[in-house]
Amino acid sequence: MSDIPLVLQVGALLPTLADSLRTEFHAERLPDEPVERAAWLAGNAGRVAVAVTTYNTGVGPDLMAALPNLRAVLIFGVGYDSTDTAQARERGITIATTPGVLTDAVADLAVGLLIDTLRGVSRADRFVRAGRWAAGETFPLTREVSGSTVGILGLGRIGRAIADRLAGFGCAIAYHSRTAVDGVPYPYAATPVELAAASDVLVVVVPGGPATEKLVDDDVLAALGPEGYLVNVARGSVVDQEALVRRLASGELAGAGLDVFADEPHVPAELLALDTVVLQPHVASATEQTRQAMADLLLENLRTFLATGTVLTPVP
Ligand code: NAP
Ligand code: 8YV
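Keep in mind that what you see is a predicted model, and the values were worked out from it rather than measured. (Residues numbered from 1 in each chain as written. Chains lettered and ligands numbered in written order. Predicted model: local features only at pLDDT ≥ 70, side-chain atom pairs only at ≥ 80, totals over all residues. Heavy atoms only, no water.)

1. Focus: the site of ligand 2
Every one of the 13 residues lining ligand 2 counts as a neighbour, but Asn56, Val78, Arg235, His282 and Ser285 are closest to it. Within the side chain of Asn56, one N or O atom sits 2.6 Å away from an oxygen atom of ligand 2. Between ligand 2 and His282 there is a distance of 2.7 Å, counted from an oxygen atom to a side-chain nitrogen or oxygen. Protein contact buries 90% of the 330 Å² of open area that ligand 2 shows by itself. Residues of the shell around ligand 2, tallied by class, amount to 5 nonpolar, 6 polar and 2 charged. (Near = heavy atom within 4 Å. Polar contact = N/O pair within 3.5 Å; in protein donor to acceptor, adjacent residues only side chain to side chain. Areas by Shrake-Rupley, 256 points an atom, 1.4 Å probe, with all protein chains shown as cover. Nonpolar A, V, L, I, M, F, W, Y, C, P; charged D, E, K, R; others polar.)

Below is the structure:
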């Protein structure tokens, strides 16, 4: 067994990032297959100083407990809800994410989803491809985006970028976070229900995890109402998905644009069948430019951590 601190890749990563980890840091990849993984851990767990992972995989409680000398978890992404932050705090393990560099890409996709959901862009595309326009059918009228009222649930980095983009469309913006944000021109709603009741569209962009589990519950969806739309680019866990499906299917909600789901990559069959819903495979940050910027920031965090024991972008 070598004494050199090991960088461990946990789960699939952007191929260019995985290459850099291997060539620059001699990183090894934790096997995904359980028997192979257990054998690898039995021989190597004590060597691991840094784990590199994504939201999709994370370093959960069991894996973290199995790595006695782990000092840092570096996450490719801004959300860290799949990593055991409580254990990390207790053991003094640093967690770093890649905030900021993905804000624009995620905000762009959120606005695109919102426009698609209200104006039926994907639906109209299906209509044309199916030959229905050529056959003389008329596509139904849709909901105007400009001038609508948009509630932002979570006015952080991404929420603010979405709000500012939509303000440019002449939308009226309101928001809810746990605390009101100083110096923003948008009115604050005291609760998610109050925000939903005042909105035509509710855009969800709070972090996932226990504190926000089903923050968008049936009451919030009821307050949004049958003319209301939901856009979720945060985490599936933030929305009561069963209630959402029920209300969409019964027409008690007008539509939804969803990049994230409760049990990814599984999407409820009821949603697949609904024409009022636009579905994305968790791709809000997935542009060439942003994924490269995320990889660059992660690698900078790794170099800094190995040199100084600190990171540039720790989670609070
Ligand atoms: P951020 O700057 O930390 O913003 C999070 C916002 O949520 C803050 O305004 C925060 O304000 C609010 N918030 C936190 N807990 C809350 C609660 N319990 N109730 C109400 N508001 C709450 O984070 P960000 O960079 O904007 O990213 C936000 C989230 O987007 C990430 O955590 C991630 O889950 C998701 N995301 C998804 C994708 C994707 O591919 N779909 C990509 C990137 C990020 P207060 O603390 O004042 O409440
Ligand atoms: C993922 C995300 O990181 O940043 C986040 O929180 O959800 C995404 O950007 C990306 O899908 C890679 O896991």
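2. A few points about the packing of aromatic side chains
Aromatic ring pairs: the centre-centre distance and the angle between the two ring planes describe each pair. Scanning the entire structure with this criterion turns up 2 aromatic pairs. Relative to Phe139, the ring of Phe127 lies with its centre 5.3 Å away and its plane at 70 degrees, an arrangement referred to as edge-to-face. Here the residue Phe127 occupies a position in helix H6 (residues 121-129), and Phe139 occupies one in the loop between H6 and strand E6 (149-153), the gap between them amounting to 12 residues. According to the relative accessible area criterion, Phe139 is partly exposed, its value standing at 23%. The aromatic ring of Tyr55 is capped on one face by Arg235, whose charged end is 3.6 Å from the ring centroid. (Phe/Tyr/Trp six-rings, centres within 6.5 Å; stacked < 30°, edge-to-face > 60°. Helix = DSSP H or I, 4+ residues; strand = E, 2+ residues; numbered from the N terminus. Buried < 20%, exposed > 50% of the residue type's maximum accessible area, 1.4 Å probe, protein only. Lys NZ or Arg CZ within 6 Å of the ring centre and 35° of its normal.)

3. Here we look at the environment of Ala167
Tracing the backbone shows Ala167 in helix H7 (residues 157-167). For the pair Ala167 and Gly147, spaced 20 residues apart in sequence, the C-alpha separation works out to 9.1 Å. Setting aside its immediate chain neighbours within four residues, Ala167 contacts Ile173 and Tyr186. (Contact = heavy atoms within 4.5 Å.)

4. With respect to the domain arrangement of the protein
In terms of domains, the protein is made up of domain 1 (6-99 + 289-308) and domain 2 (103-279). Spacing between the C-alpha centres of domain 1 and domain 2 amounts to 32 Å. In this complex, domain 1 contributes 6 residues to the contact, which on the side of domain 2 involves 6 residues. Summed over both sides, the interface of domain 1 with domain 2 buries roughly 510 Å², with 54% coming from carbon and sulfur. Among the residues of domain 1 in contact with domain 2, Tyr55, Asp81 and Pro99 are the three that bury the most area, contributing 66% of the side total. Counted by class, the side of domain 1 that touches domain 2 contains 3 nonpolar, 2 polar and 1 charged residues. (Domains from an automatic or database assignment. Buried area = accessible area lost by both parts, 1.4 Å probe.)

5. Side note on the environment of Gln241
If you trace the backbone, Gln241 turns up in helix H10 (residues 241-250). The class for Gln241 is buried, based on a relative accessible area of 17%.

6. Observations concerning the site of ligand 1
Around ligand 1 lies a shell of 26 residues, among which Arg157, Ile158, Arg178, Thr179 and Asp259 are the nearest. Residue Thr179 places a side-chain N or O atom 2.7 Å away from an oxygen atom belonging to ligand 1. Between ligand 1 and Asp259, the relevant distance is 2.8 Å, taken from a nitrogen atom to a side-chain nitrogen or oxygen of the residue. In the complex, the protein chains occlude 86% of the 920 Å² of accessible area that ligand 1 would expose alone. The class makeup of the residues in the shell around ligand 1 is 13 nonpolar, 9 polar and 4 charged.

7. Notes on the packing of helix H5 (residues 103-119) against H7
Between H5 and H7, whose axes approach to 9 Å, the crossing angle comes to 50 degrees. Taken as axis vectors, H5 and H7 run oblique relative to one another. At the point where H5 passes H7, the crossing takes the right-handed sense. In this structure, H5 contributes Thr103, Asp104, Val106, Ala107, Asp108, Ala110, Val111 and Leu114 to the contact, and H7 contributes Arg157, Ile158, Ala161, Ile162, Arg165 and Leu166. Tallied by class, the residues present in the contact of H5 with H7 amount to 9 nonpolar, 1 polar and 4 charged. (Axes fitted to C-alpha atoms, helices over the stretch in contact; angles between N-to-C directions. Parallel < 35°, antiparallel > 145°, perpendicular 65-115°, else oblique. Left-handed = near helix turned anticlockwise from the far one by under 90°.)

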